[in-house]
Amino acid sequence: MSAKIEINKETCKGCGTCVKACFVDVMRWDEAEKKPVVAYEQDCVWCFTCEINCPVQCINVVPDMPGQAVAPF
Amino acid sequence: MTKKTKEKTSLDADVLIIGGGIGGLAAAINIKELSPETDVLLVDKQTIGWGGKANKGAGVLWVLAPGDDLDAFIDFHVRNIGIYLNDQDLLYAMARESYGAVKKLADWGVKVMRTPSGEPEVVHLPIGSSLTAADLDMMRPLRAKAVKAGVRTVDKTQVVELLKQDGRVTGAVGFDLLDGHFLVFNAKATVLANGDCDFGVMRMWAAACGDGIAAAYHAGAEMRNAEFGNFYDVINKATGVPCVFGFDFLYNAQGENISRRYIDGPQPDIPLSIILGMEKEIMEGRGPLYIDMGEYMKSMEGNAMVEWDRPLFKAHMEREMTKAHQYGPPPAQRVEVSLGFTGELSAVKVDRDMRTTVPGLWAIGDTSYAGSAWAGATEGPPGRLRGSGIMNAVLAAVMAGPSIARYAKEAAPVVADKGELARLKEAMLAPLNRKPGYAATEAIRSIGDAVVPVKYSARRSKDRLEEALSKIAKVRERIPELSANDPHGLCKCHEASFMVLCAEMGFRAALARTESRGWHYREDYPERDDENWLKWVIVKKGERGMAVSTEPVPIGNYKIKPGQSAATPDAVVDHGELVGVTPEMIDWWWVNMEKGYPLWEPNDHKSFVWEVPPPVGGYLGAIQIAEEKMGPMPAMKLRIRWDDPKECPIPVMYEHAIVASGIDEQGNVRAMILHQWEKSPRGSRMHSTMRFFGPVPPALPEIWKAHDKAEVSTFPTFLPDLYRLWQVVKDPAINRQCSLKVKSSRT
């Protein structure tokens, strides 16, 4: 379970919504740049909440399918 | 001592609420409404208003609304879902308070679906309760409301342990997820609202790591119903997205419908039997397994969950679909499915005020869904009751409010012991100071290896549970070796230790329950044992490891007891006179139904095929697969056999009759309909009776009656024309002929 997260820093307005939206602490805030930073990409569960709630739609989450790590059978 | 962290900071409050999901927010607002002067501090590991689980699912809310039948719902729940392990008084209270709680959510700013007159808009379910919904941004207005009410909030802080003095909980300790500094929270009353344990397996439930359960356990609190923390749902294998209510449309690699093989009749939600059945199909070489997306999507047509106007929910659904198309396998009619283990271990034992067994400590929401026992022998959430996760959290918050507010007023202030704090700080931050060794991700993966397989968590036996416990013991032994580079990694280390504790608790409770009941199945004890097991399994911290005991369910005090007859009375419909329809036309219809099945009930009838066609000149033994919708229930494929009215226990009065038996894969009769008709002055008169075998949802008789009326009332509009048109076809193998006259004329 992980993903590639692409942020278009050109169009990003630095509102910080994606950092708040992330419930698994993947996104962090870069104080110097005033922009989000993908800090723990390996923990992304591709819930797409950051992508959907971005007001300028500058995030693209590329899921690493399939999403199942341990087989039940 | 620590080398990467700042000095400790201390925060004091009357009430500390740990977890800012829907339960924590509802509790904070509720306490402030009851007692504005009470100082409430709300702490969350991520960002309050965005974290938690309520906004990660479908946003549905279970509710007992006006028009629902409270007694029928309780009776159905206790007999079919809770299987007598419910705290029936709490179940009543939850159900009774649910409508008020939905209105409270709306008052607090959550956009709950509403009718034009402003009342919650609900869909009534056949089990006697209803569903409504909110959009997935439901937490943000709650955060705003809490802050406005004066609740103080702390984000990005992981609480790891509770503080205790003189036998009472006096707050908690944790650390800042951004810079790792140690934090002390001194509080008179402490509320755990930080969720259940889902073992880091399913994507959307990754936040539920058992933090609160582990904290309560270490503080000496009792756990209850930990054996019911073993939930699986059917998932799309590529995306991991649950196919909620998809359990009726499953096929094996040979194209056989396995839902009919393993599921007995209509179910309120996914039954354990299909989990065991799916494993059996795979083990016997009939995998992979598929869901028929056409059938599944058709069953969701008109479903309020999809139809309600919820822009954010729709955006999530659409985004999931787009991503699946972009990065997953190509779309297909049959999509490979698997089982998604979520666990949902929610075992903190609480009373009806959500007080744990340790003074000063409350547990609400998913932390204590099973531990409160209102839902009985089921995992929770969803507890075989969709929408009950969010509602349990809100209801528990509302029920806990008065006792928390009172306790916080009366309890003496607390000051933490400095020596104790130093010890806790060192232990908590220790992984940061270890050389790279055991990685938390490796530990979590090994826990998954023990909890995810069906053979350990669903098809249980003494040997296999012990095997799973030995796998867990290996992880537990290495917890002191866990290392981390930064606070994010430190958080993972603690999550691994919470999960290993929850896994052990679940397996030990399952080992103790030597019977099968609800969502707990023991291959070595396959029967339900009411004589010995109307008991709750209790787990708590013992002198050496976990202590397991039992506590009797006070069944004598409850209204619904096992052994009482729950026979559903026959459902009877008198169709009156069917003008222009002769008895011969009706005889013809039962053996030629494929010629006009959609005309019979144009809204509810979906497809029809003879599994065994009627024999030439006869009807007995014919089996049809009729796919139809009945009222609010999803479309179902019914397997119906024509049987002999002479062998029917329901009396035959009219001249013509047929018995339609609803049968399962093995041919067992689950329900039986006797249709009877005879000549009348202007056509025919007709009468139908349905008899049920075994428990059925309480609303089913009325739903069937409405459906049967709708069917038979269309006879005059299509049957005479259809019958006449077919008279030109003389081949009796195509245009079948059969007399269903069973009695001589009464006139």
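Counting restarts for each chain, with residues numbered from 1 along the sequence as it is written. Here every chain gets a letter starting at A, and every ligand a number starting at 1, in the order they are written. Where local features are concerned, this predicted model is filtered to residues with pLDDT of at least 70; where side-chain atom pairs are given and counted, the filter is 80 or more; whole-chain, interface and lining totals use all residues.

Asks: Mind showing me how you'd approach the overall build of chain A here?
Replies: The secondary structure listing takes helices from DSSP runs of H or I that are at least 4 residues long and strands from runs of E that are at least 2 residues long, numbered from the N terminus. For chain A, the helix and strand inventory stands at two helices and four strands. In chain A, the succession of α and β elements from N to C terminus is β-α-β-β-α-β. With the principal axes as the frame, chain A shows a C-alpha extent of 45 × 20 × 15 Å. By residue count, 41% of the 73 residues in chain A fall in the buried class. Each residue gets a C-beta atom placed from its backbone, and two residues are in contact if those atoms lie within 7 Å. Long-range contacts, defined here as pairs at least 24 residues apart, represent 54% of the contacts in chain A between residues at least 6 apart. Exposure classes come from backbone-placed C-beta atoms, where a residue is buried if 20 or more other C-beta atoms lie within 10 Å of its own, exposed if 12 or fewer do, and partly exposed in between.

Asks: Help me understand the overall build of chain B in this model?
Replies: A tally of regular secondary structure across chain B gives 21 helices and 24 strands. Radius of gyration here is computed from C-alpha atoms only, and the compact-globule reference equals 2.2 Å multiplied by the residue count raised to the power 0.38. For 747 residues, the compact-globule estimate of 2.2 N^0.38 gives 27 Å, and chain B sits close to it at 29 Å. Once the C-alpha set of chain B is aligned to its principal axes, its extents read approximately 95 × 55 × 55 Å. Within the span of chain B, comprising 747 residues, buried residues form 53% of the whole. Partitioning the intrachain contacts of chain B with sequence separation of at least 6 by distance along the chain shows that 72% fall at a separation of at least 24.

Asks: For this particular structure, what's the right way to read the pairing of strand β16 (residues 535–541) of chain B?
Replies: All names here are of chain B. A pair of strands is labelled paired if DSSP reports no fewer than 2 bridges between them. Taken together, the two bridges between strand β10 (residues 223–224) and β16 define a ladder with antiparallel strand orientation. Across the sheet, residue Met223 finds its bridge partner in β16, namely Val539. Of the pairings in the sheet, the one linking β16 to strand β17 (residues 546–552) comprises seven bridges and is antiparallel in character. In the strand pairing of β17, Val539 is matched with Val548. From the end of β16 to the start of β17, which pair antiparallel, there are four residues, and Gly545 there has a positive phi angle of about 75°.

Asks: Even after reading the chapter, I still don't get unusual backbone geometry, so can you show me in this structure?
Replies: Where the residue is not glycine, phi is negative for most of them; where a peptide bond is considered, it is trans in most cases. Across the junction of A:Met65 and A:Pro66, the peptide omega takes the value 0°, indicating a cis bond. For the peptide bond that leads from B:Gly287 to B:Pro288, omega is -5°, which places it in the cis range. Mapped onto the elements, B:Pro288 comes out in the loop between α7 (272–283) and β13 (289–292). Phi is positive for B:Asn225, close to 60°, though the residue is something other than glycine.

Asks: It is not clear to me how the sheet that holds β16(B) should be interpreted in this structure. Could you clarify?
Replies: Whenever strands of a sheet pair, they do so through backbone hydrogen bonds, lying parallel or antiparallel. Residue and element names in this part refer to chain B. On the basis of which strands lie adjacent, the open sheet formed by three strands has the order β10-β16-β17 and antiparallel pairing. Each edge of the open sheet is held by one strand with a lone partner, namely β10 and β17. Docked against the sheet, helix α16 (residues 487–512) engages β10, β16 and β17, running at close to 50° with respect to β17. Note on definitions: angles span 0 to 180 degrees between N-to-C directions of axes, and those axes are lines fitted to C-alpha atoms, for helices only across the stretch in contact.

Asks: I would appreciate a short explanation of the pairing of strand β23 (residues 669–680) of chain B in the present structure.
Replies: Remark: a regular strand shows side chains that alternate across the two faces of the sheet. Residues and elements named next belong to chain B. Summarising the sheet, strand β22 (residues 656–663) and β23 pair through eight bridges and their orientation is antiparallel. Residue pairing across strands places Ile663 opposite Val669, the latter belonging to β23. Linking two consecutive strands that pair antiparallel, namely β22 and β23, is a turn of five residues; a positive phi of about 90° is found at Gly667 within it. Where β23 folds back on strand β24 (residues 683–692), the antiparallel hairpin that results is connected by two residues.

Asks: What's the story with the packing of helix α5 (residues 211–218) of chain B against α16(B) in this structure? I'm lost.
Replies: Two quantities define a packed helix pair, namely the angle between the helix axes and the distance between the axes. All names here are of chain B. The N-to-C vectors of α5 and α16 enclose an angle of 70°; their axes lie 9 Å apart at closest approach. When the axes of α5 and α16 are compared, the pair comes out roughly perpendicular. Of α16, the residues touching α5 (which contributes Asp211, Ile213, Ala214 and Tyr217) are Phe498, Leu501 and Cys502. The classification used treats Ala, Val, Leu, Ile, Met, Phe, Trp, Tyr, Cys and Pro as nonpolar, Asp, Glu, Lys and Arg as charged, and all other residues, Gly among them, as polar. Tallied by class, residues from the contact of α5 with α16 come to six nonpolar, no polar and one charged. Each angle receives one of four descriptions, namely roughly parallel if under 35 degrees, roughly antiparallel if over 145, roughly perpendicular if within 65 to 115, and oblique otherwise.

Asks: Would you explain the interface of chain B and chain A in this entry?
Replies: Accessible area lost during the coming together of the parts is what is often quoted as the interface size. The partner chain A presents 23 residues to the 35 residues of chain B that form the contact. Looking at the side of chain B that touches chain A, the elements that each hand over two or more residues are α7, α10 (311–327), β14 (334–343) and α13 (440–451) of chain B. Considering every element that reaches the side of chain B that touches chain A, the biggest residue donor is α10(B), with five residues. By residue class, the composition of the side of chain B that touches chain A is 17 nonpolar, 10 polar and eight charged.

Asks: Can you help me understand helix α12 (residues 418–433) of chain B in this one?
Replies: Side chains of residues three or four places apart in an α-helix project in the same direction, reflecting 3.6 residues per turn. Residues and elements named next belong to chain B. Under the convention used throughout, the expected extent of a helix is 1.5 Å for every residue step, that is, one less than its residue count. For α12, which comprises 16 residues, the first-to-last C-alpha distance of 22 Å matches the rise-based estimate of 22 Å (1.5 Å per residue) to within 8%. Within α12, the full set of buried residues consists of Leu424, Lys425, Met428, Leu429, Pro431 and Leu432. For α12, the secondary structure elements touched by its buried residues are β7 (157–165), β8 (168–176), β9 (182–192) and α16.

Asks: Honestly, the sheet that holds strand β11 (residues 231–236) of chain B in this entry has me stumped. Any pointers?
Replies: Residue and element names in this part refer to chain B. Ordered in space as β11-β14-β13-β12, the four strands form an open sheet in which the pairing is antiparallel. Of all strands in the sheet, those with a lone pairing partner are β11 and β12 (250–251), marking the two edges. As paired strands, β12 and β13 are joined by two bridges and run antiparallel to one another. Counterpart to Leu250 in the pairing with β13 is Ile291.

Asks: Help me out: how do you make sense of the environment of A:Tyr40 in this one?
Replies: Along the chain, the position of A:Tyr40 falls in the loop between β3 (35–38) and α2 (49–53). Sequence separation between A:Tyr40 and A:Ser2 is 38 residues, and the spatial gap between their C-alpha atoms is 9.7 Å. Apart from residues lying up to four places away in sequence, A:Tyr40 is in contact with A:Asp25, A:Val26 and B:His488.

Asks: Would you explain the packing of α13(B) against helix α15 (residues 462–478) of chain B in this entry?
Replies: Residues and elements named next belong to chain B. For the pair α13 and α15, the least separation of the axes is 9 Å and the interaxial angle reads 170°. Between α13 and α15, the angle is such that the two are roughly antiparallel. By crossing handedness, the relation of α13 to α15 is classed as left-handed. Residues Ala443, Ser446, Ile447, Asp449 and Ala450 of α13 form the contact with α15, whose participating residues are Ala468, Lys471, Ile472, Val475 and Arg478. Of the residues that constitute the contact of α13 with α15, the class distribution is six nonpolar, one polar and three charged. Handedness of a crossing is defined here by the sense of rotation of the near helix relative to the far one, left-handed for an anticlockwise turn of less than a right angle and right-handed for a clockwise turn.

Asks: Before we go on, may I ask you to explain the domain arrangement of chain B in this structure?
Replies: All names here are of chain B. Each domain's extent was defined by an automatic or database domain assignment. Domain parsing of chain B yields domain 1 (9–229 + 344–551), domain 2 (232–342) and domain 3 (571–726). In this structure, domain 1 and domain 3 have C-alpha centres spaced 48 Å apart. Each side of the interface is counted separately: domain 1 has 12 residues, and domain 3 has eight residues. Among the elements of the structure, α2 (70–82) and β4 (123–124) are those that each provide at least two residues to the side of domain 1 that touches domain 3. With five residues, the single largest contributor to the side of domain 1 that touches domain 3 is α2. By residue class, the composition of the side of domain 1 that touches domain 3 is six nonpolar, three polar and three charged.

Asks: Looking at this structure, I do not really get the confidence of the model for chain B. What am I missing?
Replies: Predicted coordinates in regions of low pLDDT should not be interpreted in detail. For chain B, the mean per-residue pLDDT works out to 93, and 98% of the residues sit at or above 70. Contacts from residues 1–6 of chain B, a stretch scored under 50 in pLDDT, to residues over four places away or in other chains number 13 contacts. Per-residue confidence from the predictor is reported as pLDDT, a score between 0 and 100.

Asks: Honestly, helix α4 (residues 139–148) of chain B in this entry has me stumped. Any pointers?
Replies: Residue and element names in this part refer to chain B. By the burial criterion, the buried members of α4 are Met139, Leu142, Arg143, Lys145 and Ala146. Looking down the long axis of α4, one finds its buried residues gathered within 165° of arc, a one-sided arrangement. Where the residues of α4 are buried, they touch α1 (22–34) and β2 (40–43). Taking the helix axis as origin, the arc is that swept by the directions to the C-beta atoms.

Asks: Teacher, can you tell me more about the environment of B:Pro331 here?
Replies: For B:Pro331, the location among the structural elements is in the loop between α10 and β14. Sequence-wise, B:Pro331 and B:Met321 are 10 residues apart; in three dimensions their C-alpha atoms are separated by 9.8 Å.

Asks: Could you clarify how one ought to interpret the environment of B:Ala26 in this entry?
Replies: Residues and elements named next belong to chain B. If you trace the backbone, Ala26 turns up in helix α1. Separated by 437 residues in sequence, Ala26 and Asp463 place their C-alpha atoms 43 Å apart. Excluding its chain neighbours within four sequence positions, the residues that come into contact with Ala26 are Leu142, Ala393, Val394, Ala397 and Val398.

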